[in-house]
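Chains, contacts and geometry: an overview
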Amino acid sequence: MATSSEYAQAVLQAAEAWPRPRSEDGKEYKEFTYGTAGFRMKAELLPYIMFGVGMLSANRSRKYSGKTIGVMITASHNPAEDNGVKIVDPMGEMLEQDWEQWATGFSNAKDPTQLRNAYVHCCQQLHIDEKRPANIIFARDTRPSGEKLVTALKAGLDAVGAKYIDYGILTTPQLHYLVRATNTQDLPIPYGEVSEEGYYKKLATAFAEVMKFSKAESQITIDCANGVGGPKLRELIKHLPADKLKINVVNDRINDPKELNYRCGADFVKVNQRTPEGFNGRPFDRCASLDGDADRLVYYFNEEGPVFRLLDGDRIAILVAGFIGDLVRKSGLADKIDLAVVQTAYANGSSTKYIEQVLKLPIECTSTGVKHLHHAAARHDIGVYFEANGHGTVLFSDRAMKVIRKHEVQSPAQMEAIETLRALIDLINQTVGDALSDMLLVEAVLAHKEYTVREWLAMYTDLPNKLAKVLVPNRALFTSVPGTAERKLATPENLQGKIDQLVEKYRDGRCFVRASGTEDAVRVYGEAAEAFDVDDMVTKAHEYILNSTAEGSSYGNKDDQKAVDDYNEAIHEKADAEKEQQKH
Ligand SMILES: CC(=O)N[C@H]1[C@@H](OP(=O)(O)O)O[C@H](CO)[C@@H](O)[C@@H]1O
Ligand SMILES: [Mg+2]
């Protein structure tokens, strides 16, 4: 065993108060994994994990000589009784992938002795100097369980001698902002003031700047999922220029936790392809929904009928990439700056075609999960990335920012373009997808282009598509071929071959299967020129998936079964609505 430090000793003692949860019969320990969304589960299972997250984030900070690390407590769009936690790296990015295994390791230590040993092992393996300072900042969303989780987090931080600041209730992107602002405050160009107020000021100032060349006045209704986005949006509005944008805030009740994400919010709207419950907008009113921690944004409107029209992440990416591309060209920087769009395989084929053929921009397709998109976007001078579900942002490299800041213009038109571009750098959250910042960005682009939601939708027509979830006994059997952005399966054997044959039958057909990273399920996505072809294709792929596993389909439990049934029902309703539309 490793030599035990003072902190290791403190861990041993303090961890007693945060025992690892057992299963319902009290025998088995639960197994935990730090995945795409950090740790996320029923809130009552989390205090023990939070203690370990405190210890690990302290190590992360020490590894970076005391740079500030963030911890965000949220379960985003999940129900109110869930909660979760994510660690934020010094520049506001998500935790480096190599460290996820340490988080998983700490969370699966069975007792205080094992946890102490895991801590000591981590310090040794990663050469953590415990004498270095450890600085952490943290925040939580509006879930009531957050308070207890903060207590557990602080216990872990105290045990290993970390210093911390509790920022109370914030959106996820606000915490990411604060991490970067804290770590850059002594640099020549700090990211922003180190306060929540500083966040609003930065966004509002940049928005006013971007809008100074536009005369448009817009109105929008924003559904805040009854989460943290509500009060924070109201705060932001106080800082915005009142004449350019009128925001009607709805679903901002945060006192009754049962209302959080309940029949409202970005995920509900996207999955069910409908407006939030109680929605009473008129046809063509511009609306948007945030999710429970305000890092996702989707737009939508109703046509007469009413026919629901979604403007998802693919469309936000295209709107924004097109606008930025124009600005780069107009300011005379086209040959100095490379601009690219990053998508996943779930992006609608029509959006990909539009980017290639109309915008003429390079596209990268990555595996699902924001960390993959973010890293790919960061390799370009300007990288635009959005998942179809509405999570995304635009990254400007240091080089691009320098070029844009220093560029000397030759004409008033160039001046307008470059000033707008400069302001966009400040308007867009450079750390992570941010629904409030993205909303201002979309509004700015629509204002400049003088687009209504109808015109925005008319940019291209989505291929009919369907996303289904299949529960299988063991999703680990479904592995993807490396380098295919999860578009091709390596195993189960022969399944990909069958899907390839199937797809050939349909015009513009595309279909792929992959194991979900966040749920115990396999996802199948299909699209084709005709909606009935999509239905046929996805139904057949579904059958192939079930046949490919030895025991066939077995639903985990009744809740899972119901979730799948609800899900499939929603998807079918969507398909029906689309068919109905096509008749008109
Ligand atoms: C098809 C789909 O929407 N997948 C989602 C979902 O990932 P899966 O690995 O498909 O479960 O959750 C991720 C985390 O929130 C999100 O990044 C991603 O877009
Ligand atoms: Mg979220």
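Residues numbered from 1 in each chain as written. Chains lettered and ligands numbered in written order. Predicted model: local features only at pLDDT ≥ 70, side-chain atom pairs only at ≥ 80, totals over all residues. Heavy atoms only, no water.

- Looking at an unreviewed UniProt entry, the protein chain carries the name Phosphoacetylglucosamine mutase, with the source organism given as Acrodontium crateriforme.
- Quoted verbatim from the Function (unreviewed entry) field of the UniProt record, the comment on the protein chain reads "Catalyzes the conversion of GlcNAc-6-P into GlcNAc-1-P during the synthesis of uridine diphosphate/UDP-GlcNAc, which is a biosynthetic precursor of chitin and also supplies the amino sugars for N-linked oligosaccharides of glycoproteins."
- UniProt's Pathway (unreviewed entry) comment on the protein chain is quoted here verbatim: "Nucleotide-sugar biosynthesis; UDP-N-acetyl-alpha-D-glucosamine biosynthesis; N-acetyl-alpha-D-glucosamine 1-phosphate from alpha-D-glucosamine 6-phosphate (route I): step 2/2." (UniProt positions renumbered as here; feature names shortened; annotations may be inferred.)

Quick notes on the coordination of the magnesium ion (ligand 2)
- Around the magnesium ion (ligand 2), the donor atoms from the protein are Ser76 (OG), Asp291 (OD), Asp293 (OD) and Asp295 (OD), and they sit 2.0 to 2.2 Å away.
- In primary-sequence terms, the residues that donate to the magnesium ion (ligand 2) follow S-x214-D-x1-D-x1-D. Of this pair, serine 76 sits in the loop between β2 (68-73) and β3 (82-88) while aspartate 295 is found in the loop between β8 (287-290) and β9 (297-303), placing the two residues 219 residues apart along the sequence. For the pair shown, serine 76 and aspartate 295 are each scored as buried. (Donors = N, O, S within 2.8 Å, 3.2 Å for Na, K, Ca; no water. Helix = DSSP H or I, 4+ residues; strand = E, 2+ residues; numbered from the N terminus. Buried < 20%, exposed > 50% of the residue type's maximum accessible area, 1.4 Å probe, protein only.)

With respect to the sheet that holds strand β19 (residues 522-527)
- If you trace the three strands from one edge of the open sheet to the other, you get β15-β19-β18, paired in antiparallel fashion. The open sheet has two free edges, formed respectively by β15 (465-470) and β18 (510-515), since each of these has just one partner strand. Taken pair by pair, the neighbouring strands of this sheet meet at an average axis angle of 15°, ignoring direction.
- The pairing of β15 with β19 spans six bridges and is antiparallel. Bridged to valine 470 within β19 is valine 522. (Pairing = 2+ DSSP bridges. Axes fitted to C-alpha atoms, helices over the stretch in contact; angles between N-to-C directions.)

Topic: the nonpolar core
- Grouped together as the largest cluster of nonpolar side chains are 85 residues, with contacts concentrated most on Ile324 and Leu424.
- Contacts of leucine 424, omitting those with residues within four sequence positions, involve Val210, Phe323, Ile324, Leu327 and Leu441. (Core = buried A, V, L, I, M, F, W, Y, C linked by side-chain atoms within 4.5 Å. Contact = heavy atoms within 4.5 Å.)

Comments concerning the pattern of salt bridges
- A full pass over the atoms with the stated rule returns 33 salt bridges.
- Ionic pairing is found between lysine 540 and aspartate 536, a salt bridge with its closest N-O pair at 3.1 Å. On the criterion of helical spacing, the pair formed by lysine 540 and aspartate 536 is a turn pair, its members being four residues apart in helix α18 (residues 531-548).
- Among the residues examined, aspartate 536 registers a relative accessible area of 32% and is labelled partly exposed.
- A cluster of three or more residues bridged by salt bridges with shared partners is formed by Arg60, Asp89 and Glu96. (Salt bridge = Lys/Arg side-chain N within 4 Å of Asp/Glu carboxyl O.)

Comments concerning the pairing of β9
- Burial runs high along β9: six of the seven residues are buried.
- Looking at chain direction, β8 and β9 are connected through four bridges and run antiparallel. When the bridges of β9 are listed, serine 289 appears paired with valine 298.
- Hairpin connection from β8 to β9: six residues lie between these consecutive antiparallel strands, with alanine 294 at a positive phi of about 60°.
- Pairing analysis gives five bridges linking β9 to strand β10 (residues 307-311), with the strands arranged antiparallel. Across the sheet, residue tyrosine 299 finds its bridge partner in β10, namely leucine 311.
- Counted between consecutive antiparallel strands, the loop separating β9 from β10 contains three residues, among which glycine 305 sits at a positive phi close to 145°.

A word on the site of ligand 1
- Close contacts around ligand 1 come from Tyr346, Thr368, Gly369, Glu387, Asn389, Leu467, Arg514, Ser516, Gly517, Thr518 and Arg523, and that covers them all.
- Asparagine 389 places a side-chain nitrogen or oxygen 3.0 Å from an oxygen atom of ligand 1.
- In this structure, an oxygen atom belonging to ligand 1 sits 2.5 Å away from a side-chain N or O atom of serine 516.
- Against a free-state accessible area of 430 Å², the protein chains account for coverage of 83% of ligand 1.
- Along the lines of polarity and charge, the residues of the shell around ligand 1 split into two nonpolar, six polar and three charged. (Near = heavy atom within 4 Å. Polar contact = N/O pair within 3.5 Å; in protein donor to acceptor, adjacent residues only side chain to side chain. Areas by Shrake-Rupley, 256 points an atom, 1.4 Å probe, with all protein chains shown as cover. Nonpolar A, V, L, I, M, F, W, Y, C, P; charged D, E, K, R; others polar.)

Let's talk about the sheet that holds strand β7 (residues 245-250)
- Taken together, the five strands give an open sheet; going across it, the order is β7-β6-β8-β9-β10, and neighbouring strands pair in mixed fashion. The open sheet terminates on both sides in strands that have one partner only, identified here as β7 and β10. Averaged over all pairs of adjacent strands, the angle between their axes in this sheet comes to 30°, without regard to strand direction.
- Sheet analysis places strand β6 (residues 218-223) next to β7, joined by six bridges and oriented parallel.

Details of the UniProt feature "binding site: substrate" (unreviewed entry) in the protein chain
- In the numbering used here, UniProt assigns the "binding site: substrate" (unreviewed entry) feature to Glu387, Ala388, Asn389, Arg514, Ala515, Ser516, Gly517, Thr518 and Arg523.
- Note that alanine 388 resides in the loop between β13 (382-386) and β14 (392-396).
- Residue class for alanine 388 comes out buried when judged on its relative accessible area of 11%.
- Within the secondary structure, glycine 517 is located in the loop between β18 and β19.
- Discounting chain neighbours no more than four positions away, the residues touching glycine 517 are Thr36 and Arg475.

Structural notes on helix α8 (residues 229-239)
- For α8, the complete set of buried residues consists of Gly229, Gly230, Lys232, Leu233 and Leu236. Down the axis of α8, the buried set is contained in an arc of 165°. They therefore lie on one face. (Arc of directions from axis to C-beta.)

Focus on the packing of aromatic side chains
- Per the stated rule, a full pass over the model turns up 13 aromatic pairs.
- Here phenylalanine 138 and tyrosine 164 contribute two aromatic rings whose centre-to-centre distance is 5.8 Å and whose plane-to-plane angle is 50°, an arrangement assigned as tilted. Taken together, the residues span a long stretch of sequence, with phenylalanine 138 in strand β4 (residues 135-140) and tyrosine 164 in strand β5 (residues 163-169) at a distance of 26 residues.
- An angle of 40° between the planes, with centres 5.8 Å apart, marks the rings of tyrosine 354 and tyrosine 460 as tilted. Here tyrosine 354 is found in helix α11 (residues 349-357), whereas its partner tyrosine 460 is found in the loop between α16 (453-457) and β15, with 106 residues between them in sequence. Like tyrosine 460, tyrosine 354 is buried.
- An aromatic cluster is present here, built from Tyr177, Tyr191, Tyr199 and Tyr200 joined pairwise through their rings.
- Directly above the ring of tyrosine 544 sits lysine 498, whose terminal nitrogen or CZ lies 4.8 Å from the centroid. (Phe/Tyr/Trp six-rings, centres within 6.5 Å; stacked < 30°, edge-to-face > 60°. Lys NZ or Arg CZ within 6 Å of the ring centre and 35° of its normal.)

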